[in-house]
Amino acid sequence: MEKIIGRVLVKETSAGIANLVVAAFDYDVPKKDQPVDNNAANVFDINKLGKRIGSVLTDSEGRFILTKVDLNFDGIETRPDLILVIFAPEDIEDKGNYFPLAPEKRLLYVSRAPRTDAGSEEAYVIRLSKEKLESYKIPYGSGSQNDAAINDFVTGIERNYSLQNHLTQKTKVFTQQQLDTESSNRKKAKQKIKKFTSIPLIQRNDSNLLENEKDLVTKQKKIVKEGLKKMNSSHKQFTITLPLDIIKEFGLKEDEDGEFSGNVDTNKFIEQLNEVIGISLLRKDDPKPSTTSAASLFKKFIVDVKKADNPILPG
C-alpha cells in the first residue's frame, strides 16, 4: 500500500477540523474476537481492531495523509484489511489526575467495516457532528468549503507577498548599488558632453556666449552697453561711398560751393546704411523720424567733406 489520504470535516458546515489523531489498523481478527458494535452496546475493545500500522494528525484544513513510509507491515503483507479510527485529544480533565481518558472513551470515529485488501491508495471523507465535537470540547471552524477555499487563496497571497518582500530585502543592497552606479555614469556623461556644440572653438570661451536662455536680456544689455562705450571711445573712421542721388534722397541739397543743407530723413539713412554695410545701428528696427538738423548731423558724422568725394563716418 502506498498512501491513505482524507479529510475530517464538521458535518454541519464542512469546515476542516485540526489536530485529531487518525490511526490505521490492519484488521485481522477472528470473528469471535471482533469488537462489539458501539451502537449495540457500551462495550468496545480497541485491542480487537487488529494491528495498528500507523497514525497521523489532521492539519488546519482537516486533511491527513499516511504514506508508505508511515505504514508498518509485517513480512510481505502489503494489502491490509484497512480500518480507520479517529481519536479525540488526550485531555487531562482533573488537575489531580495525570492520566487522560482511555482510547475507547476518546473514539470519534471507527470504520463500520474493513476495506478488504486495500488498494495502493485509499481516500476518506469523514464528517463529525458539532454535538460530538462539543462533547469533547474540540474547537471547530464555522465556515464552509467556500470559506476554506478563500482562506487558501488569502494564504497563497500572503505567502507570495512574503516571498516578494524577502527577495526585495535580499536584493536591496545590490539594486541600490546598481542605481548608484548608473546615476554616477549619467553625471559623468553629462560632464563629458556638456560643451558639445557646433560653435567654433575660438568662440566657446567668449564671455558673451549665451549658454542659458534665461540670461538673454542680461547679455543683450551688457553687449549694447559695451558696444556704445567702445563706439564713444573710438577715434577710427571709415568711408562710405554713396551716389549723389542717394545722398539727395536723405533730404540734403548741394549748393554751387558743394555744401550740403537740409534735414536728413533718418529712416532712409539707416535703411541705406544697412544695405551698404549690412549692419543696423538700432536695437529696434522701428526708429522714429529724426528732428536732427543738418548742421548737427554733419558735425557728428561727416568729416572733411571738401577733401573727400563722399561723406566720411566714424567707425
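Above this text you will find the structure in question.
In this text the structure is predicted, and so the values were computed from the model without any measurement.

## Comments concerning the sheet that holds strand S1 (residues 3-10)
No. 1: The three strands are arranged S4-S1-S7 in an open sheet whose pairing can be described as mixed. Both outer strands of the open sheet, strand S4 (63-67) and strand S7 (121-128), are each paired with one neighbouring strand and no more. Going from strand to strand, the sheet's axes swing by 15° on average, the running direction of each strand aside.
No. 2: In this structure, S1 lies alongside S7, joined through eight bridges in parallel fashion. When the sheet's bridge partners are listed, Ile-4 is paired in S7 with Glu-122.

## Some thoughts on unusual backbone geometry
Most peptide bonds adopt trans geometry, and most residues besides glycine take a negative phi value.
No. 1: For Asn-19, which is not a glycine, the phi torsion comes out positive at approximately 60°.
No. 2: A relative accessible area of 52% means that Asn-19 is categorised as exposed.
No. 3: Even without a glycine there, the phi angle at Lys-137 is positive, about 55°.
No. 4: With respect to the helices, strands and loops of the structure, Lys-137 is situated in the loop between helix H1 (130-135) and helix H2 (145-193).
No. 5: A relative accessible area of 71% means that Lys-137 is categorised as exposed.

## A look at the pattern of salt bridges
No. 1: This structure, assessed with the given rule, holds four salt bridges.
No. 2: The partner of Arg-115 in a salt bridge is Glu-122, with the nearest N and O atoms 2.8 Å apart.
No. 3: You can call Glu-122 buried: its relative accessible area is 14%.
No. 4: With a shortest N-O distance of 3.0 Å, Lys-222 and Glu-226 are connected by a salt bridge. With Lys-222 and Glu-226 both in helix H3 (residues 216-233), this residue pair falls four residues apart, about one helical turn.

## Quick word on the environment of Gln-272
No. 1: Of note, Gln-272 is situated in helix H5 (residues 266-277).
No. 2: When its relative accessible area of 16% is taken as the criterion, Gln-272 is described as buried.
No. 3: Linking Gln-272 and Glu-249, residues 23 residues apart in sequence, is a C-alpha distance of 10.0 Å.
No. 4: The residues contacting Gln-272, other than those within four sequence positions of it, are Leu-242, Ile-246 and Phe-250.

## Comments concerning the sheet that holds strand S5 (residues 82-87)
No. 1: Strand order across the open sheet formed by four strands is S3-S2-S5-S6, with antiparallel pairing between neighbours. The sheet is open, and its two edges are formed by strand S3 (51-57) and strand S6 (107-110), each paired on a single side. For this sheet, the mean inter-axis angle between neighbouring strands, taken without regard to orientation, is 20°.
No. 2: Where strand S2 (residues 21-26) lies against S5, six bridges are found, and the strand directions are antiparallel. Residue pairing in the sheet places Ala-23 in a bridge with Val-85 of S5.

Parameters and conventions
Residues numbered from 1 in each chain as written. Predicted model: local features only at pLDDT ≥ 70, side-chain atom pairs only at ≥ 80, totals over all residues. Heavy atoms only, no water. Pairing = 2+ DSSP bridges. Helix = DSSP H or I, 4+ residues; strand = E, 2+ residues; numbered from the N terminus. Axes fitted to C-alpha atoms, helices over the stretch in contact; angles between N-to-C directions. Buried < 20%, exposed > 50% of the residue type's maximum accessible area, 1.4 Å probe, protein only. Salt bridge = Lys/Arg side-chain N within 4 Å of Asp/Glu carboxyl O. Contact = heavy atoms within 4.5 Å.

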